[in-house]
Amino acid sequence: MFLLKTWRSVAFGIYGFKNFTKNGFVEHSKSFRSEDMQPQIEGKNCIVTGANSGIGYATAEGLAARGATVYMVCRNKERGEAALSMIHSATGNKNVHLEVCDISSISDVKSFASRFCAKDEPIHILVNNAGLLERNRLITPEGYEMNFAVNVLGTYTMTELLLPLLEKAAPDARVITVASGGMYTAPLMEDLQFSSKEFDGIEQYARNKRVQVALTEKWADTYKEKGVGFYSMHPGWAETPGVAKSLPGLSKSLPGNLRTSEEGADTVLWLALQPKEKLVSGEFYFDRAEASKHLPFAATKGTHSAIDSIVGKLRTMSNL
């Protein structure tokens, strides 16, 4: 096990340094098509979680600039209002709205979903961007480990509860989940709250992101007749407020070579704008292309068979 974990970490580091940095983005962008990002999406309703900063903010601004009606889901009302004002000013789009919701709270997520479902409006694009890497074990008031509560349980509950409104936008509806390349270092595990050994926040984050990728596969299969596409993606190593707080050593080790939030959000926007026939539901995307979900010889692929059991646990925890 030690050798396998070491191999995963080393392979991830080498692969990441070549591909996930700003230099990687510059190299990959040579094959990007500018026309892919030109579609206007007036009349489409988009929800972006964790939208007050970083990749979430860049995503919300990019969607608003293309005419969409955007709902920014933020935990902090003051920071959300400041971000909302900036997007209004930058884009001139007044159809951008703030929704206050703490994704770590199942009660909050259900309250938001209930309010939104009462509008009975179709959701064309749901971006599950809200994420957390908390280095220490914290427990939410509802009794869940904090990273898991945000990255997995809250994201799962939000998506499931909004599915009826996504179906109303079929066949063009899509769910885009912002995962992380960190998942390459972790197999899918049923110990969702990291209770089996001494807590490691970075490893828990990687595990959470592996669950998101496997969940995307499961959603794509379960709801393939619903007209909703499900996609996960990796933004690369971007210099966001979240990264600066959780991984302060990353920018020091890669000075000037982390991506901007806009570069990190590029593939999210690309997935939102492409005709669905160009995309493959259930797949994992990086820099506007399908990417492997597993590193060679990392022994993570077979673990995805555990997703059925994990979904059962999530459904019980969220009381859906």
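Right above here is the structure, for reference.
All values derive from a computational prediction rather than experimental measurement. (Residues numbered from 1 in each chain as written. Predicted model: local features only at pLDDT ≥ 70, side-chain atom pairs only at ≥ 80, totals over all residues. Heavy atoms only, no water.)

(A) Quick peek at the overall build of the protein chain. A tally of regular secondary structure across the protein chain gives eleven helices and eight strands. The C-alpha atoms of the protein chain give 18 Å as radius of gyration, which agrees with the globular expectation for 320 residues (20 Å, within 12%). Along the first, second and third principal axes, the C-alpha set of the protein chain runs to 55 × 45 × 40 Å. A buried classification covers 55% of the 320 residues belonging to the protein chain. In the protein chain, the proportion of contacts linking residues at least 24 apart, taken out of those at least 6 apart, comes to 77%. Roughly 13,500 Å² of accessible area belongs to the protein chain as shown, and the carbon and sulfur atoms make up 55% of that amount. Averaging the positions of the 36 positive and the 35 negative side-chain charges in the protein chain gives two centres separated by 2 Å. (Helix = DSSP H or I, 4+ residues; strand = E, 2+ residues; numbered from the N terminus. Rg over C-alpha atoms; globule rule 2.2 N^0.38 Å. Buried < 20%, exposed > 50% of the residue type's maximum accessible area, 1.4 Å probe, protein only. Contact = heavy atoms within 4.5 Å. Areas by Shrake-Rupley, 256 points an atom, 1.4 Å probe, with all protein chains shown as cover. Lys, Arg positive; Asp, Glu negative; His and termini not counted. Charge placed at Lys NZ, Arg CZ, Asp CG, Glu CD.)

(B) Structural view of the environment of Phe112. Secondary-structure assignment places Phe112 in helix 5 (residues 106-119). Since its relative accessible area comes to 0%, Phe112 is described here as buried. For the pair Phe112 and Gly227, spaced 115 residues apart in sequence, the C-alpha separation works out to 23 Å. The residues touching Phe112, leaving out its near neighbours within four places in the chain, are Ile47, Val73, Glu99, Cys101, Met158 and Leu162.

(C) How the structure looks around the pairing of strand 6 (residues 228-234). For strand 6, a buried count of seven out of seven residues is recorded, marking the element as mostly surrounded by other parts of the structure. Residues Val228, Phe230, Ser232 and His234 of strand 6 are buried on one face, and the alternating residues Gly229, Tyr231 and Met233, pointing to the opposite face, are buried as well. Pairing analysis gives six bridges linking strand 5 (residues 173-178) to strand 6, with the strands arranged parallel. Of the residues in strand 6, the one forming a bridge with Val175 is Phe230. (Pairing = 2+ DSSP bridges.)

(D) Region of interest: the sheet that holds strand 7 (residues 284-286). Pairing is mixed in the open sheet, where eight strands are placed in the order 3-2-1-4-5-6-7-8. The strands lining the two open edges of the sheet, one partner per strand, are strand 3 (96-100) and strand 8 (289-290). Pairing of strand 6 with strand 7, which is carried by three bridges, proceeds in the parallel orientation. Residue Met233 lies in a different strand from strand 7, and its bridge partner there is Tyr285. On the sheet, helix 3 (residues 54-65) packs against strand 1 (45-49), strand 2 (69-74), strand 3 and strand 4 (125-128) and is oriented at approximately 170° with respect to strand 1. Most of the contacts of helix 4 (residues 77-91) go to strand 3, to which it runs at about 170°, and overall it touches strand 2 and strand 3. (Axes fitted to C-alpha atoms, helices over the stretch in contact; angles between N-to-C directions.)

(E) Up close: the environment of Arg66. Within the element layout of this structure, Arg66 appears in the loop between helix 3 and strand 2. Spatially, the C-alpha atom of Arg66 lies 37 Å from that of Glu145, the residues being 79 residues apart in sequence.

(F) Spatial organisation of the nonpolar core. Ile47 and Leu314 are the most contacted members of the largest nonpolar core, which has 42 residues in total. Breaking this core down by element, the ones donating at least two residues are strand 2, helix 5, helix 6 (146-168), strand 5, helix 7 (201-222), strand 6 and helix 11 (307-318). Broken down by element, this core gets its largest block of residues, ten residues, from helix 6. Ranked by size, the runner-up nonpolar core spans 31 residues in total, among them Leu63, Val70, Ala83 and Leu84. (Core = buried A, V, L, I, M, F, W, Y, C linked by side-chain atoms within 4.5 Å.)

(G) Structural detail: helix 6. The terminal C-alpha atoms of helix 6 lie 32 Å apart, and with 23 residues this matches the ideal 33 Å at 1.5 Å per residue to within 8%. Taken across its 23 residues, helix 6 has 19 buried, putting it largely inside the fold. (Expected span 1.5 Å × (residues − 1).)

(H) Representation of the packing of aromatic side chains. Scanning the model with the defined rule gives 18 aromatic pairs in all. Aromatic side chains Tyr15 and Phe20 sit 5.4 Å apart centroid to centroid with 85° between the ring planes, which places their arrangement in the edge-to-face category. Put simply, the rings of Phe12, Tyr15, Phe20, Tyr184, Trp237, Phe284 and Phe286 pair up and form one aromatic cluster. The residue whose ring lies beneath Lys119 is Phe116, and the NZ or CZ to ring-centre distance is 5.6 Å. (Phe/Tyr/Trp six-rings, centres within 6.5 Å; stacked < 30°, edge-to-face > 60°. Lys NZ or Arg CZ within 6 Å of the ring centre and 35° of its normal.)

(I) A look at the pairing of strand 4. Neither face of strand 4 is left uncovered, since the one carrying Ile125 and Val127 and the one carrying Leu126 and Asn128 both have all their residues buried. Here strand 1 pairs with strand 4 via three bridges, running parallel. When the bridges of strand 4 are listed, Cys46 appears paired with Ile125. Traced from strand 4 through helix 6 to strand 5, the parallel crossover comes out right-handed. (Right-handed = clockwise from strand over helix to strand, strands pointing away.)

(J) Just the pattern of salt bridges, in detail. Inspection of every chain in the model, using the stated rule, returns 23 salt bridges. The partner of Asp221 in a salt bridge is Lys224, with the nearest N and O atoms 3.4 Å apart. On the basis of relative accessible area, Asp221 is assigned to the partly exposed category, the value being 42%. Residues joined by salt bridges that share partners form a network here, namely Lys5, Asp191, Lys197, Glu203 and Arg207. (Salt bridge = Lys/Arg side-chain N within 4 Å of Asp/Glu carboxyl O.)

(K) Summary view of the side chain of Ser105. Along the chain, the position of Ser105 falls in the loop between strand 3 and helix 5. Judged by its relative accessible area of 17%, Ser105 is buried. One polar contact links Ser105 to Glu142, side chain to side chain, over a distance of 3.5 Å. (Polar contact = N/O pair within 3.5 Å; in protein donor to acceptor, adjacent residues only side chain to side chain.)

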